[in-house]
2 protein chains.
Amino acid sequence: MTDQPFRGVLAPVLTPFTADLSPDVARFTAFCRWMLAQGADGLAVFGTTSEANSMSADERMGLLDALIESGVPGAKLMPGTGACSIDEAVRLNKQAVAHGCGGVLMLPPFYYKGMNDDGLFAFFSEVVQRVGDSGLKIYLYHIPPQTATPFSLDLIGRLIKEYPDTVVGLKDSGGDWSNTDAILKAFPGFGTFAGSEVFLLDTLRGGGAGCITATGNVNPGGIRKVFENWETPEADALQAAITKTRKIIQARPMVPALKAIVAHYHNDPAWATVRPPMVPLDAETTKGLIADLDADEGFTIAPAKLSDAAE
Amino acid sequence: MTDQPFRGVLAPVLTPFTADLSPDVARFTAFCRWMLAQGADGLAVFGTTSEANSMSADERMGLLDALIESGVPGAKLMPGTGACSIDEAVRLNKQAVAHGCGGVLMLPPFYYKGMNDDGLFAFFSEVVQRVGDSGLKIYLYHIPPQTATPFSLDLIGRLIKEYPDTVVGLKDSGGDWSNTDAILKAFPGFGTFAGSEVFLLDTLRGGGAGCITATGNVNPGGIRKVFENWETPEADALQAAITKTRKIIQARPMVPALKAIVAHYHNDPAWATVRPPMVPLDAETTKGLIADLDADEGFTIAPAKLSDAAE
């Protein structure tokens, strides 16, 4: 197995949209730079939280070009490059490799349901072979609540065996710790990331690489603290604090809630815009969310902290 | 409500692929012309059975261009133009309108789950307004087994009310007759198609427009007979026959089975190719399927009939 290109806390970066729903390049690159300044170990741009599948391949590729041009190092990026079609997945992956991205986070083809492991293996094989570049480092994106297409232990094992230097890790967004635990035990040395910081400490104790988490967009400092201190006596208390913050946020629809939080604490109302079929948080829900976060000590971009933390 | 551009039996046309998995333009256009010669009332190219979501937008658009260039009239076509992103859906719909397609079959944005009707309404509104052409005639594609994103009666009603000359019909591939029945009763005059010929007679008796069915690719004559005779005393017996044929086919994985059938009866083994994540039918399953169909009197492209029916 290859050396791991990523370890720690990554965020699937929110994608800002302008009033006419176009990707907002300037806000996007500024936010990515702010995330890295906050200590993010990498940026999983174009994930589920990024509304990536609400953008065409061309839009996503345009944003990645702009991000690289803005000076963000490719090595810090793990763009989402999954697609339902082999040709689109190949195109996205080739661009990521050309930009020197440290890795990519690849969804399975998610339209058809009930596909068997042979078919999924064939899909990934085609993509890997067509990209044909040793710079490709794939993290499998296991997120059955959205895809209904899980990566079984058997499929993961087959992919690692066939492509040991290319299939290097996985993000488990299934929300089921027993599955993450089984992956950690079956594939030591594989770059396994929890899909939520709720499982960060358990993942690190199990030999995993860290977490790639939606709330990393708004609570980067708190989550990093667990990663930095996971072997200390404070680890469990720090984990309890970030779990508490997570639960406050996920009591609302996650992506609109995160955008409302950024809009509020960054003093930039344009951030609240989402692309249909998502709908923005209504004013009352936003008010309740902000009140809950203001009262939460573990939340790390509360106003007093934001000015210190700004780039 | 607008005049209905389609009525009768339509097929979501299978997409042939070459050995290197590229769309096979020559086989595709030849098969589309054969389908029309068999009496298909329209071709719902780029549906689920077409493996449309295993192709990029560029690949689908290339095939549609080629089909029009080959002389197939746009008025006979109902291409699938749904996508998870507004910009890709707009692009596909604009092309369909430019080619004079009689209608389009539009999936909802299918990646995110649990989106509410306000968000789905906003998505369709954006697409309709951005296409901005009275030639756009949308059939909503209700297929919760794949999308987990149903069109509720309320959402259908809101779309018809807001866009009465654009949102003209629906294909119900939910497999639940009570839902089709509810739509027929709630929206008389709306172009409601069953997603399977199993419900064809019931749909016609309920005032619906017909069916758009996968097995239309291989049993066009049998299914047409029900449509042509639905008000005669023979209707129930004819329906029973096509239901029996359907059940033989759908006892196997549908798309690989249909391609194996075309490969066998059209004497063209290349047709069996599917794109990953689908896998072709194995030899033994194919043999059993063909034996069952050879023994089925209602099946209409059995060898003796194929030579008569050829273009």
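See above for the structure.
On a predicted model such as this, the values are computed, not experimentally measured, just so you know. (Residues numbered from 1 in each chain as written. Chains lettered and ligands numbered in written order. Predicted model: local features only at pLDDT ≥ 70, side-chain atom pairs only at ≥ 80, totals over all residues. Heavy atoms only, no water.)

Engineer: What's the story with the relation of the copies chain B and chain A in this structure? I'm lost.
Structural biologist: For these two chain copies, the linking operation is a rotation about an axis paired with a shift along it. Superposition record for chain B on chain A: RMSD 0.0 Å, screw rotation 180°, translation along axis 0.0 Å. Taken together, the rotation and translation describe the operation of a two-fold axis. By C-alpha distance to the rotation axis, the residue of chain B lying nearest is Y111(B), at 3.9 Å. Looking at chain B, 100% of its interface residues are interface residues in chain A too, so the copies touch through the same face. (Least-squares fit on C-alpha atoms with pLDDT ≥ 70 in both. Contact = heavy atoms within 4.5 Å.)

Engineer: Would you take a moment to explain the interface of chain B and chain A for this structure?
Structural biologist: Note on interface size: it is often stated as the accessible area lost on association of the parts. Contact with chain B, which involves 40 residues of that partner, is made by 40 residues of chain A. Of the roughly 3,100 Å² buried where chain B meets chain A, counting both sides, 61% is carbon and sulfur surface. Run the count over chain B and chain A and you get two salt bridges. Residue D87(A) pairs with R275(B) through a salt bridge whose shortest N-O separation is 3.7 Å. Connecting chain B to chain A are 11 residue pairs in polar contact (both at pLDDT 80 or more). Of all the elements in the fold, those that place two or more residues in the side of chain B that touches chain A are α3 (86–98), α4 (117–131) and α5 (144–147) of chain B. Its residues assigned to classes, the side of chain B that touches chain A comprises 21 nonpolar, nine polar and 10 charged. (Buried area = accessible area lost by both parts, 1.4 Å probe. Salt bridge = Lys/Arg side-chain N within 4 Å of Asp/Glu carboxyl O. Polar contact = N/O pair within 3.5 Å; in protein donor to acceptor, adjacent residues only side chain to side chain. Helix = DSSP H or I, 4+ residues; strand = E, 2+ residues; numbered from the N terminus. Nonpolar A, V, L, I, M, F, W, Y, C, P; charged D, E, K, R; others polar.)

Engineer: Mind showing me how you'd approach the packing of helix α10 (residues 235–250) of chain A against helix α12 (residues 283–294) of chain A here?
Structural biologist: Between two packed helices, both the angle of their axes relative to each other and the distance between the axes serve to describe the pair. Residue and element names in this part refer to chain A. Contact pair α10 / α12: the axes reach a minimum separation of 10 Å and the direction vectors enclose 170°. For the element pair α10 / α12, the angle class is roughly antiparallel. On α12, the residues touching T245, I248 and I249 of α10 are L289, D292 and L293. Of the residues assigned to the contact of α10 with α12, the class counts are four nonpolar, one polar and one charged. (Axes fitted to C-alpha atoms, helices over the stretch in contact; angles between N-to-C directions. Parallel < 35°, antiparallel > 145°, perpendicular 65-115°, else oblique.)

Engineer: How do you make sense of helix α11 (residues 254–265) of chain B when you look at a structure like this?
Structural biologist: The α-helix winds at 3.6 residues per turn, so residues separated by three or four positions along the chain end up facing the same way. Residue and element names in this part refer to chain B. For α11, built from 12 residues, the straight-helix expectation of 16 Å at 1.5 Å per residue is met to within 8% by its first-to-last C-alpha distance of 16 Å. A large share of α11 lies buried, amounting to 11 of its 12 residues. Looking at α11, one finds that the buried residues are M254, V255, P256, A257, L258, K259, A260, I261, V262, A263 and Y265. Backbone geometry just after α11 places N267 at a positive phi near 50°. (Expected span 1.5 Å × (residues − 1). Buried < 20%, exposed > 50% of the residue type's maximum accessible area, 1.4 Å probe, protein only.)

In short, the description is geometric, and any link to function would need to be established separately.
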